[in-house]
Amino acid sequence: MREKIKLKIEINRARCNFGIAFDIDGVILRGRVPVGGSPQALRRLYLDSGELIVPYLFLTNGGGIPETKRAKELSELLGVNIMASQVVQGHSPFRNLLKKFENELIIATGKGDPALVMSEYGFKKVLSLEEFASYFESIDPVSQYKRWTTMPQSDRKEPAMPRYNVLSERIKAAFVVSDPVDWGRDIQVLCDVLRSGGLPGGANNNQPPLYFAADDLEYQAAFPSKRLGIGAFRIALESVFNRINPKRLECVTYGKPNPFVFKNAEVILSQLQSSSRQDHSKNNRVPGSHPFEMLYMIGDNPSVDVKGAQQAGHPWFSILTRTGVFQGKDNHAEFPADLVVDSVEEAVDYILKRECIELGA
Ligand SMILES: [Mg+2]
């Protein structure tokens, strides 16, 4: 029996012409808790030895920590060995802007450690919006009323000398890396930066570029009803900015459902596919010789995951789970998925049966 399964695996490995992209929030995790049988579902994509057999990655609009850290965290929560290359976050494409801003002064905001994320991509002069704001006395006129803090009191220091000359050097770009923590301060400071050409306190019509890692209006976390996402923050900032500034806000948003996110995922999946075949098959790898016949996007958000897969077109196939944003009985009316299932476990079961892989049999 074991031999038969092994043989089947060998056959399928030689022609593993499909891959899977998993959304995280509402599909794999809710908060930090696995949902929908996600650990079991992922284990089926590996051999008992721990070797990856089905190329897969995580395609999330979330973020705030470097991909290396996120991969480690996911590995611990889900009990499988996840590589950093398998984690594509909303802000991952920011690294493509390195050429433009590598040595320029930029600011980054959002939960987690947005400045660290940008530094790891190679940006040399990054300040978190929090640090940047600390160099401008009274830039946030209500800061003394904010009793909450994200840092223990003992770790808080008086602002040191700025690492860069923020009073004379213009901010060249602003990045919203993940969900902002202090919307009030961030809207105020971003309006200051964007309306002053990058030097708060002044006035200049040249708005520095503004980039958002994603544009999700809502997402499903641990709380029973949906939470406001980075897209809600974008709307808030844009509404305020457009009321107080003669020129409308210009910004670029990344993340799903943007078709280039799916194109990028396809490239990463084929790298995973090739490296697996290069390591294990008797034949030498022939790059690009084996295009995917099917790529599955498993998500919980019709307007992000399903819409994105639909826009990307062939070879994407969308699977909608009921463990997150979508809770409907039937399919979604506006963005109907190719398949609706209760959980990610059911989705993986469907895929493996369809692709005739008998892992875990
Ligand atoms: Mg989701």
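Treat the numbers as computed from the prediction; the structure is a model and nothing was measured. What you see as residue numbers is a count from 1 along each chain, following the sequence as written. Where local features are concerned, this predicted model is filtered to residues with pLDDT of at least 70; where side-chain atom pairs are given and counted, the filter is 80 or more; whole-chain, interface and lining totals use all residues.

### Structural notes on the overall build of the protein
Moving on, step 1. Think of it this way: any DSSP run of H or I at least four residues long counts as a helix, any run of E at least two long counts as a strand, and we number them from the N terminus. Across its full length, the protein carries eleven helices and 15 strands.
Moving on, step 2. Counting other C-beta atoms within 10 Å of its own, a residue is labelled buried from 20 upward, exposed at 12 or fewer, and partly exposed in the gap between, with every C-beta atom placed from the backbone. The proportion of buried residues among the 361 residues of the protein is 41%.
Moving on, step 3. Throughout, a pair of residues is in contact if the C-beta atoms placed from their backbones lie within 7 Å. Within the protein, residue pairs in contact and separated by at least 24 positions form 66% of the contacts whose partners lie at least 6 positions apart.

### Topic: the packing of helix α7 (residues 183–195) against helix α8 (residues 230–244)
Moving on, step 1. Interaxial angles span 0 to 180 degrees and are taken between N-to-C directions of axes, which are lines fitted to C-alpha atoms, for helices over the stretch in contact. Across the interface, α7 lies against α8 with an axial gap of 10 Å and an inter-helix angle of 45 degrees. By the angle between their axes, α7 is oblique relative to α8. Note on packing geometry: the crossing formed by α7 with α8 is right-handed. Where α7 approaches α8, its residues Trp183, Ile187, Leu190, Cys191 and Leu194 are matched on the opposing element by Phe233, Ala236, Leu237, Val240, Phe241 and Ile244. In these notes the angle categories are as follows: under 35 degrees is roughly parallel, over 145 is roughly antiparallel, 65 to 115 is roughly perpendicular, and the rest is oblique. By the definition used in this description, the sense in which the near helix is turned from the far one sets the handedness, with an anticlockwise turn below a right angle giving left-handed and a clockwise turn giving right-handed.

### Looking at the sheet that holds strand β8 (residues 173–176)
Hydrogen bonds between backbone atoms are what pair the strands of a sheet, whose relative direction is either parallel or antiparallel.
Moving on, step 1. The five strands are arranged β7-β6-β8-β9-β12 in an open sheet whose pairing can be described as parallel. Each end of this open sheet is capped by a strand with a single partner; those strands are β7 (125–128) and β12 (252–253).
Moving on, step 2. Direction of pairing for strand β6 (residues 105–109) relative to β8: parallel, over a ladder of four bridges. The residue bridging Ile107 from the neighbouring strand is Ala174, located in β8.
Moving on, step 3. Where helix α5 (residues 114–121) meets the sheet, its contacts fall on β6, β7 and β8, and the angle it forms with β7 comes to roughly 165 degrees. What makes two strands pair is DSSP finding at least two bridges between them.

### Considering the sheet that holds strand β15 (residues 339–341)
Moving on, step 1. Overall, parallel pairing links the six strands, which are arranged β5-β4-β1-β13-β14-β15 in an open sheet. The sheet is open, and its two borders are formed by β5 (87–88) and β15, each paired with just one other strand.
Moving on, step 2. Where strand β13 (residues 294–299) and strand β14 (residues 316–321) come together, five bridges link them in parallel fashion. Directly across from Tyr296, in β14, lies its bridge partner Phe317.
Moving on, step 3. Here helix α10 (residues 302–312) sits on the sheet and contacts β13 and β14; the angle it forms with β14, its principal contact strand, is near 165 degrees.
Moving on, step 4. Contacting β1 (18–22), β13, β14 and β15, helix α11 (residues 344–354) runs over the sheet at an angle of about 135 degrees to β15.

### Here's the deal with the nonpolar core
Moving on, step 1. Put simply, a nonpolar core is buried Ala, Val, Leu, Ile, Met, Phe, Trp, Tyr and Cys residues tied into one set by C-beta atoms within 7 Å. Judged by nonpolar contacts, the single largest core of 47 residues is most densely connected at Ala21, Phe22, Tyr296 and Ile298.
Moving on, step 2. The element contributing the most residues to this core is α11, with five residues.
Moving on, step 3. Sequence-distant contacts of Ile298, defined by excluding residues within four places in its chain, comprise Ile20, Phe22, Asp23, Val27, Ile319, Thr321, Val344 and Ala347.
Moving on, step 4. Residues Leu129, Val166, Phe175 and Phe241 belong to the second largest nonpolar core, which totals 38 residues.

### Re the environment of Val340
Moving on, step 1. In this fold, Val340 is placed in strand β15.
Moving on, step 2. The residues contacting Val340, other than those within four sequence positions of it, are Leu320 and Asn331.

### Some remarks on unusual backbone geometry
Moving on, step 1. Note the cis peptide between Lys256 and Pro257, where omega equals 10 degrees.
Moving on, step 2. Locating Pro257 in the fold gives a position in the loop between β12 and α9 (259–280).
Moving on, step 3. With a phi close to 65 degrees, Ser138 is a non-glycine residue in the positive phi region.
Moving on, step 4. By the secondary structure assignment, Ser138 is in the loop between α6 (129–134) and β8.

### Some points on α5
Moving on, step 1. Pro114, Ala115, Val117, Met118 and Tyr121 are the residues of α5 that are buried. Seen end-on, α5 carries its buried residues on one side only, within an arc spanning 160 degrees.
Moving on, step 2. Packed against the buried residues of α5 are α4 (98–101), β6, β7 and β8.
Moving on, step 3. Looking one or two places after α5, you find Gly122, whose phi comes out positive at around 115 degrees. This arc corresponds to the set of directions leading from the helix axis out to the C-beta atoms.

### Describing the environment of Ser119
Moving on, step 1. For Ser119, the location among the structural elements is in helix α5.
Moving on, step 2. Judged by the 15 C-beta atoms lying within 10 Å of it, Ser119 is partly exposed.
Moving on, step 3. Put simply, Ser119 and Pro66 are 53 residues apart on the chain and 9.3 Å apart in space, counted from C-alpha to C-alpha.

### Considerations on the environment of Val176
Moving on, step 1. Residue position: Val176 is located in strand β8.
Moving on, step 2. A residue is classified by how many C-beta atoms lie within 10 Å of it, and Val176, with 29 of them, is buried.
Moving on, step 3. Placed 14 residues apart in sequence, Val176 and Leu190 show a C-alpha to C-alpha distance of 10.0 Å.
Moving on, step 4. If we ignore the near neighbours within four places in the chain, the residues touching Val176 are Thr109, Gly110, Tyr211, Phe212, Ala213, Ile230 and Phe233.

### Overview of α11
The α-helix winds at 3.6 residues per turn, so residues separated by three or four positions along the chain end up facing the same way.
Moving on, step 1. For α11, the set of buried residues is Val344, Glu345, Ala347, Val348, Ile351 and Leu352. Around the axis of α11, the buried residues are gathered within 160 degrees of arc, so they sit on the same side.
Moving on, step 2. On its buried side, α11 packs onto β1, α2 (38–43), β13, β14 and β15.
Moving on, step 3. Two residues or fewer after α11 comes Cys356, characterised by a positive phi angle close to 60 degrees.

### Comments concerning the pairing of β6
Moving on, step 1. Burial runs high along β6: five of the five residues are buried.
Moving on, step 2. The alternating pattern of β6 places Leu105, Ile107 and Thr109 and Ile106 and Ala108 on opposite faces, both of which are buried.
Moving on, step 3. Bridge analysis of β6 against β7 gives four bridges, and the strand direction is parallel. Paired with Ala108 across the strands is Ser128, a residue of β7.

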